[in-house]
Amino acid sequence: MNDRATPLVEMRDMNVSFGGVHAVENVNFDLVPGEIHALVGGNGAGKSTLVKTLAGAQRADSGQIYVNGEPVSIENPRDAKALGIETIYQNLALAENIDAPGNMFLGRELTTGMGNLDDSAMEDATRKIMARLNPKFENFTRPVAFLSGGQRQSVAIARAVHFNARILVMDEPTAALGPSETEQVRNLIRRLKTEGIGIILISHDIHDVFDLADRTTVMLQGRVVGTVAKGEVTMDEILAMIIIGKAPQDLTQSEIAEIRG
Amino acid sequence: MSITELPPKDAEQLVEDVPRGSLKGLIRSTEIDTRMLGMVGLLLVIWVGFNIMSGGTFLSPRNLWNLSVQFAPVAIMATGMVLVIVSRNIDLSVGSMLGFVGMAMALIQAEILPNSLGFDHPLTWVIVLLIGLLLGALVGMFQGFIVAYVGVPSFIVTLGGLLVWRGVAWSLGSGRTVAPMDSTFQLLGGGSRGSLGEVGSWVVGGIACAAIIFGLISSRRRRIKFGFRLRPTWAVVGMGVGGCLAVLGAVWVMNSYYLPENVARQVAEERGIPWPAEGLQIPLGISYPVLIAIGVMLIMGFIANRRRFGRYVFSIGGNPEAAELGGINTRWTVVKTFMVMGILVGVAAAVTIARLNAATSGLGTLSELYVIAAAVIGGTSLAGGIGTVPGAVLGALVMQSLQSGMVLMRVDAPLQDIVVGIVLVAAVAVDVFFRRRSER
């Protein structure tokens, strides 16, 4: 399927179950440098659970993750970050009562020689990255609870890209955004791609996916339906995979016609 | 990843923030917490009210001095309670812990150490104090462990602790009053000898003023260095002058309370001063408990704002999931908040038994309510994530002023409890009301 380079990430035979429910079942997934690999599927398809195992937010029951070909063990978010895996969560995972610089450096605070928080340096770094990501961003000293949806999203994205991520997981990065902000995020994703970062993009927006993704993996009820490359399939075929759960070659014309409605 | 760094953005650099017409904008540009101002206002109302009702007794140096000494243990514990509540927990056991740790420290210095060291050994106070802090830390760690790693809600763990530690205090002391305390240890409680005296108090006041001015200047320098927005000059000058006046005024009041004549005679004798016919007025100055409380406030404020631990506590209160995903060891952080609380209970217990020169099994009963009320009045939100250490200390001053005022007015003990209970509920109600309003 893909032999361009050693995959940045390879997840083999991943399984996660909650009680008796298989949220993720025998899933294989990989990502190469400079690639945008979209992960799509309906609610409860297991997309978020799968990427959470990569981010260290969810333990897998079985399966092995490789980063740059090396088997790794990701027990918690710290492990993931140490491997250069940064995640933008659907709910953004911001501490509402803390300001933007505090959130950006949460868990990785800059300190002075004495080990005290260096708030000025953190604010300075945040201003620099925001000048690039979202030049309109101004609220550097107010708790993020006071910020708009787009500004909060900027903070979450800034946090992920500031720490030299090599693997970026974006779970619904544009769900809370207006049209112009969505376009900004799309541009950012394209730019990060050119810098050689591998991006796993979870999105409900099929246009986002069709537009941005080099490859698209479709999941349904915890299983992978199929992985398709850009240009191989039409948007309708992807939709059919999501809804019916069959790989494109197994789809009948009538099924596709039904989707097209 | 290469980020093309743009030059810092446009004209807001180095410009003083211009107030936007309204009073709100004016206050905001000074970056003074409006809630703090409100609390100072409330305190002034209470003070003036009690002063009028008591015919001028409340604001006498004697009453204010006593008030300051009694306020210290509540203030010390309230600074720790802020962190506990900010992390979405509560500690109902601090009063009973104070009883247990206080009783243990009293027994050690009154009945155990004298057997080996003899009475009033110079090291006794250090040994006793360290054991007290250690005991507090262990109790806090134990309770925090059950909360964070076993997963029992802190309300239940510390409600159990409230009964357990009180019971332990009773069985340790067999219901007795344990006395007297080591003579050096007693200094921790204030009293006629446990104070800085006139000169020392002015020196401390002077240092505090210098620190205020230095803090304002260095904050301004830092903002200039990074090109951040500046506070208006008038606000900085006003804060400096206001802060220094408050400090020096407090020192003046503390220095206006004099030793009672019989103690003054003793002191004069010790210092070899002849007793003049018209009497001798020796100012007490700032008492050690107040000095300890101020020190604790500075340290805890520093921990809350300038250390990773404090930042983690606040992030857990704001969004526990975000803290966890940020790679923070949230469970251990919670254990540490309870440990800090325990250590502070140890400090408060030392001050309390030193002041009373004794420990009883009922020591600290109901003080958890004063401490929690102080934190909440001081702006700590029971929903977690919000609170300040200086606010809690101000809250402690409000609570102690209420109590002291009621004692002065000869209000019956049951009625005092009723008032404290109502104030506690009202403070939380106000908190809930304002937060709900600001959410809209």
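Residues numbered from 1 in each chain as written. Chains lettered and ligands numbered in written order. Predicted model: local features only at pLDDT ≥ 70, side-chain atom pairs only at ≥ 80, totals over all residues.

## Comments concerning the overall build of chain A
So, step 1. Counting secondary structure elements, chain A contains nine helices and 10 strands.
So, step 2. For 261 residues, the compact-globule estimate of 2.2 N^0.38 gives 18 Å, and the C-alpha radius of gyration of chain A, at 19 Å, lies within 12% of that figure.
So, step 3. For the C-alpha atoms alone, the extent of chain A along its principal axes is close to 65 × 40 × 40 Å.
So, step 4. Put simply, chain A has 261 residues, and 47% of those count as buried. (Helix = DSSP H or I, 4+ residues; strand = E, 2+ residues; numbered from the N terminus. Rg over C-alpha atoms; globule rule 2.2 N^0.38 Å. Buried ≥ 20, exposed ≤ 12 C-beta atoms within 10 Å, placed from the backbone.)

## Description of the sheet that holds strand β4 (residues 62-67) of chain A
All names here are of chain A.
So, step 1. Strand order in the open sheet made by the four strands is β2-β1-β4-β5, with antiparallel pairing throughout. Of all the strands in the sheet, the pair left with one neighbour each is β2 (21-31) and β5 (70-72). Shown here is a sheet whose adjacent strand axes are inclined to one another by a mean of 30°, direction ignored.
So, step 2. Bridge analysis of strand β1 (residues 9-18) against β4 gives five bridges, and the strand direction is antiparallel. Looking at the pairing, Asn-15 lines up with Ser-62 of β4.
So, step 3. Lying over the sheet, helix α1 (residues 47-55) contacts β1, β2 and β4, oriented at roughly 115° with respect to β1. (Pairing = 2+ DSSP bridges. Axes fitted to C-alpha atoms, helices over the stretch in contact; angles between N-to-C directions. Contact = placed C-beta atoms within 7 Å.)

## Details of the interface of chain B and chain A
So, step 1. With 29 residues of chain B at the contact, the number on the chain A side is 31 residues.
So, step 2. Going through the elements one at a time, α7 (197-226), α11 (308-318) and α12 (320-325) of chain B are the ones with two or more residues in the side of chain B that touches chain A.
So, step 3. At six residues, α11(B) tops the list of elements feeding residues into the side of chain B that touches chain A.

## Here's the deal with the domain arrangement of chain B
Residues and elements named next belong to chain B.
So, step 1. When its domains are assigned, chain B resolves into domain 1 (52-194 + 287-439) and domain 2 (195-286).
So, step 2. Placing a centre on the C-alpha atoms of domain 1 and another on those of domain 2 gives a separation of 26 Å.
So, step 3. Each partner contributes to the interface: domain 1 provides 11 residues, whereas domain 2 provides 10 residues.
So, step 4. Contributions of two or more residues to the side of domain 1 that touches domain 2 are made by α3 (61-86) and α10 (288-306).
So, step 5. At four residues, α3 tops the list of elements feeding residues into the side of domain 1 that touches domain 2.
So, step 6. When its residues are assigned to classes, the side of domain 1 that touches domain 2 shows six nonpolar, four polar and one charged. (Domains from an automatic or database assignment. Nonpolar A, V, L, I, M, F, W, Y, C, P; charged D, E, K, R; others polar.)

## Section: helix α5 (residues 149-162) of chain A
Residues and elements named next belong to chain A.
So, step 1. The terminal C-alpha atoms of α5 lie 20 Å apart, and with 14 residues this matches the ideal 20 Å at 1.5 Å per residue to within 8%.
So, step 2. Judged by how many residues are buried, α5 sits mostly within the fold: 10 of 14 residues are covered.
So, step 3. Regarding α5, the residues found buried are Arg-152, Gln-153, Ser-154, Val-155, Ala-156, Ile-157, Ala-158, Arg-159, Ala-160 and Val-161.
So, step 4. Buried residues along α5 sit against β6 (85-88), α3 (100-104), α4 (119-133), β7 (167-171) and α6 (179-194).
So, step 5. Of the residues trailing α5, Asn-164 is marked for its positive phi of about 50°. (Expected span 1.5 Å × (residues − 1).)

## Quick notes on the nonpolar core
Across soluble globular proteins, nonpolar side chains show a tendency to be buried alongside one another.
So, step 1. Ranked by internal contacts, the top residues of the largest apolar core, which has 184 residues, are Ile76(B), Ala78(B), Met81(B) and Ala374(B).
So, step 2. Once you skip the residues sitting within four places of it in the chain, Ile76(B) turns out to touch Ile292(B), Ala293(B), Val296(B), Leu344(B), Val347(B), Ala348(B) and Val351(B). (Core = buried A, V, L, I, M, F, W, Y, C linked by C-beta atoms within 7 Å.)

## What to know about the environment of Val228(A)
All names here are of chain A.
So, step 1. Within the secondary structure, Val-228 is located in strand β10 (residues 223-229).
So, step 2. We classify Val-228 as buried; it has 20 C-beta atoms within 10 Å.
So, step 3. Sequence separation of Val-228 and His-37 is 191 residues, and the distance between their C-alpha atoms is 9.9 Å.
So, step 4. In this structure Val-228 touches Arg-215, Thr-216, Val-233 and Pro-248, once residues within four positions along its chain are discounted.

## As for the confidence of the model for chain A
So, step 1. Across chain A, the average pLDDT comes to 88, with 98% of residues at or above 70.
So, step 2. Taking the mean pLDDT of every element in chain A, the minimum, 74, falls on helix α9 (residues 253-260) of chain A and the maximum, 95, on α3(A). (pLDDT = per-residue confidence, 0-100.)

## Description of the packing of α4(A) against α5(A)
Each pair of packed helices can be summarised by the angle the axes make with each other and by the distance between the axes.
All names here are of chain A.
So, step 1. For the pair α4 and α5, interaxial distance at closest approach is 10 Å and the crossing angle is 110°. One element, α4, and the other, α5, form an angle in the roughly perpendicular class. Every residue of α5 that contacts α4 at Thr-126, Ile-129, Met-130 and Leu-133 is listed here: Ser-154, Ile-157, Ala-158 and His-162.
So, step 2. Of the residues that constitute the contact of α4 with α5, the class distribution is five nonpolar, three polar and no charged. (Parallel < 35°, antiparallel > 145°, perpendicular 65-115°, else oblique.)

## With respect to the pairing of β10(A)
Regular strands show a simple pattern: their side chains alternate between the two faces of the sheet.
Residues and elements named next belong to chain A.
So, step 1. The pairing of strand β9 (residues 215-220) with β10 spans six bridges and is antiparallel. If you follow Thr-217 over to β10, its bridge partner there is Thr-227.
So, step 2. Taken together, β9 and the strand that follows it, β10, pair antiparallel across an intervening segment of two residues, in which Gln-221 is found at a positive phi of about 50°.

## What to know about the packing of α3(B) against helix α15 (residues 389-408) of chain B
Residues and elements named next belong to chain B.
So, step 1. The geometry of α3 relative to α15 is characterised by a closest axis approach of 8 Å and an angle of 140° between their N-to-C directions. Between α3 and α15, the angle falls in the class oblique. Note on packing geometry: the crossing formed by α3 with α15 is right-handed. Across the interface between the two elements, Asn-63, Leu-67, Gln-70, Phe-71, Val-74, Ala-75, Ala-78, Thr-79, Met-81 and Val-82 of α3 pack against Val-389, Ala-392, Val-393, Gly-395, Ala-396, Leu-397, Met-399, Gln-400, Ser-401, Ser-404 and Leu-408 of α15.
So, step 2. Of the residues contributing to the contact of α3 with α15, the split by class is 14 nonpolar, seven polar and no charged. (Left-handed = near helix turned anticlockwise from the far one by under 90°.)

## A closer look at the pairing of strand β8 (residues 198-202) of chain A
Residues and elements named next belong to chain A.
So, step 1. Counting buried positions over the five residues of β8 gives five, a clear majority of the element.
So, step 2. With burial as the criterion, each face of β8 is covered, one bearing Gly-198, Ile-200 and Ile-202 and the other bearing Ile-199 and Leu-201.
So, step 3. Relative to β8, strand β3 (residues 36-40) runs parallel, the two sharing four bridges. Along β8, the bridge assignment pairs His-37 with Ile-200.
So, step 4. The sheet contact formed by β7 and β8 spans five bridges and is parallel. If you follow Val-169 over to β8, its bridge partner there is Ile-200.
So, step 5. For the crossover from β7 across α6 to β8, the handedness is right-handed. (Right-handed = clockwise from strand over helix to strand, strands pointing away.)

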